[in-house]
Amino acid sequence: MTNKSSFSIVYEVALQKGGSMDCTEYAEAKRKAAKKISADIRERWNNRIVQRELHLMSEAGAVQYLADYGRGIGTAKVIGFALCAESEGYPEMAVGFWKRAFELETGEKPTENTQSKSTTNGTPAAKSKAAAKIETANNPIVSELPANLQPGRIVTMQPVDAPVERSYYIENPDYWGQPKRDGNRVVVVATPDKVYYQSRSTNLRQQASIAIDRALTDTAAKIGIFVLDGELYYKSCSGSEHRTGAQAATVNIESGFPTVQPTAVYAIFKCLFSRGKDLTGLAESERIAAGVAVGELLVSLSSEFEIIPTYRTESEKLLLANQQESENREGEVWILHNCCYVGGKDVKKFPMVRTKYCQEYELLIVGLTPTKVAGRPFSAIEVAQEVAGKLLRIGTVGTGFSSGEMQEIARLYEANPRGVKIKVRSQGLTESGKLWHARFLEIC
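Summary of the structure given here. Worth saying up front: this structure is predicted, and the values here are computed from it rather than measured.

Rules and cut-offs
Residues numbered from 1 in each chain as written. Predicted model: local features only at pLDDT ≥ 70, side-chain atom pairs only at ≥ 80, totals over all residues. Heavy atoms only, no water. Helix = DSSP H or I, 4+ residues; strand = E, 2+ residues; numbered from the N terminus. Buried < 20%, exposed > 50% of the residue type's maximum accessible area, 1.4 Å probe, protein only. Areas by Shrake-Rupley, 256 points an atom, 1.4 Å probe, with all protein chains shown as cover. Phe/Tyr/Trp six-rings, centres within 6.5 Å; stacked < 30°, edge-to-face > 60°. Expected span 1.5 Å × (residues − 1). Pairing = 2+ DSSP bridges. Axes fitted to C-alpha atoms, helices over the stretch in contact; angles between N-to-C directions. Contact = heavy atoms within 4.5 Å. Parallel < 35°, antiparallel > 145°, perpendicular 65-115°, else oblique. Core = buried A, V, L, I, M, F, W, Y, C linked by side-chain atoms within 4.5 Å.

Here's the deal with the overall build of the chain
Counting secondary structure elements, the chain contains 13 helices and 17 strands. When each of the 444 residues of the chain is scored for burial, the buried share is 47%. Total accessible area on the chain stands at roughly 22400 Å², and carbon and sulfur atoms take up 50% of it.

Concerning the packing of aromatic side chains
In this description, a pair of aromatic rings is defined by centroid distance and the angle of the planes. Taken as a whole, this structure holds 14 aromatic pairs when the rule is applied. A centroid spacing of 5.5 Å and a plane angle of 85° characterise the contact between Tyr26 and Phe102, whose relative ring orientation is edge-to-face. Separated by 76 residues along the polypeptide, Tyr26 in helix α2 (residues 23–33) and Phe102 in helix α6 (residues 91–106) bring together distant segments of the chain. Judged by centre distance (5.1 Å) and plane angle (85°), the ring pair of Tyr168 and Tyr169 falls under edge-to-face. Residue Tyr168 is classed as partly exposed on the basis of its relative accessible area, which comes to 41%.

Brief notes about α6
Its 16 residues place the ends of α6 22 Å apart at the C-alpha level, agreeing with the 22 Å of an ideal helix rising 1.5 Å per residue. Looking at α6, one finds that the buried residues are Glu92, Met93, Ala94, Val95, Gly96, Phe97, Trp98, Lys99, Ala101, Phe102 and Thr106. Residue Gly107 follows α6 closely and has a positive phi angle near 75°.

Topic: the sheet that holds strand β17 (residues 439–443)
The strand order β15-β14-β13-β16-β17 describes an open sheet built from five strands, whose pairing is antiparallel. If you trace the sheet from one side to the other, it starts and ends with β15 (390–397) and β17, each paired once. If you compare each strand with its neighbour and ignore which way they point, the axes differ by 45° on average. When strand β13 (residues 359–368) meets strand β14 (residues 381–387), the two strands line up antiparallel, connected through four bridges. Bridge assignment links Leu368 to a residue of β14, and that residue is Ile381. Docked against the sheet, helix α13 (residues 403–415) engages β13, β14 and β17, running at close to 60° with respect to β13.

Examining the packing of α2 against α6
Their axes nearest at 10 Å, the elements α2 and α6 cross at an angle of 90°. Judged by the angle between their axes, α2 and α6 are roughly perpendicular. Residue-level contacts link Cys23, Tyr26, Ala27, Lys30 and Arg31 of α2 to Trp98, Lys99, Ala101, Phe102 and Glu105 of α6.

Description of the nonpolar core
Formed by 28 residues in total, the largest nonpolar core has its most connected members in Leu145, Ile154, Val189, Val227 and Trp334. Only α8 (166–171), β3 (184–190), β8 (263–274), α12 (314–326), β11 (331–336) and β12 (352–356) provide two or more residues apiece to this core. For this core, the element with the most residues is β11, which contributes four residues. Discounting residues that sit within four places of it in the chain, Leu145 has contacts with Gln150, Val189, Ile225, Val227 and Phe273. Grouped together as the second largest cluster of nonpolar side chains are 26 residues, Ile49, Leu66, Leu83 and Met93 included.

Describing the pairing of β14
Pairing between β14 and β15: seven bridges, direction antiparallel. Residue Val383 lies in a different strand from β15, and its bridge partner there is Gly395. If you look at the hairpin formed by β14 and β15, you'll find two residues sitting between the two strands, and Ala388 has a positive phi there, around 55°.

Observations concerning the sheet that holds strand β1 (residues 160–161)
The strand order across the open sheet formed by four strands is β1-β12-β11-β2, and the pairing between neighbours is mixed. This sheet does not close on itself; its edge strands, each paired only once, are β1 and β2 (175–179). Both β11 and β12 contribute to a ladder of five bridges, which runs antiparallel. Within β12, the residue paired with Gly331 across the bridge is Lys356. Most of the contacts of α12 go to β2, to which it runs at about 30°, and overall it touches β2 and β11.

Right under this line is the structure:
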């Protein structure tokens, strides 16, 4: 027996009664089954709807958005926009999206008695304060912050691969440079009572360490609520950076320091809100400066904070590139110092780009080399790349994995030879087409 959704049950009941489901019932059923609003929807809300002030046009704003961007749009995405409009406090606009979703899924036109009391003539609509104040465990509200900076709703500004050589960004005075860190993007919303940690995908996550949490709340008690954009990584005893504590712990064990715990480090890129002011509409230079000001307070309280250095002049940027390459770092981030903070990736204006020394590949495991070391199922992973429908062997990967990951790789490979993919980071390929300084990242 298959499980039926709330929508299916309500729809069948309506048909059994000889009637049909109206848009209000449809919306209620979808709300009950709704999952978290995706970062993709949040990004479009900020960049397409809010920037054009369509959210102030009530139901007509939804109609206009769908006319401009809705060709071939799926029901799930329309529902996402309806839920997003409601969560942002614009239920009048949500009605327009609910009607379109209802029509797409049922093939029926919404009945007129489900019309919202709001106007539909395109006149500006006041934001519903009641809707904006609804708070749940997965939808926290910090009253002092604007809607675009609420925990779980912040769409981070993402770098795209640079379309030109790094020399262009070194020589261009409009771009400033920052080193890349090998961690996970995390936005921090700090209040005197609680700290919210949000991932790039807008999911809320647990604190990384007690020291980081305490320093953030203490600083917020002094200067007020603030929002930071940065990278969370874990440092091993050798100083290497890792995405997880488990990876850093493995390095400590292999280095002969099994009892030394990895150190969580929050690296600050910039500040998005401070001293009661939303900084997202200002220049990047002001966000970086605000990040340094807040960061200096945090660094004085805990060594688990780092202020990412910014390189401004041509000579400084050249030094950055040389350092990153000599230290086998992943690369650099270049950003226009006068740009606003716009969530998502912008492949037209290129306000934020990245240049890399290392490349990442998704490769197929084609073999595991033997080893005599006790407890290790293999020595290295033999990998191949699919080119024009054929598998081309491009070398081996012998580092980057923990003991647990090695056991899992061996188990998966034994169960499905040549059916397991892994993600690998390498400094490119040699002249003979083999991986150069490859490191395992994760199982795909």
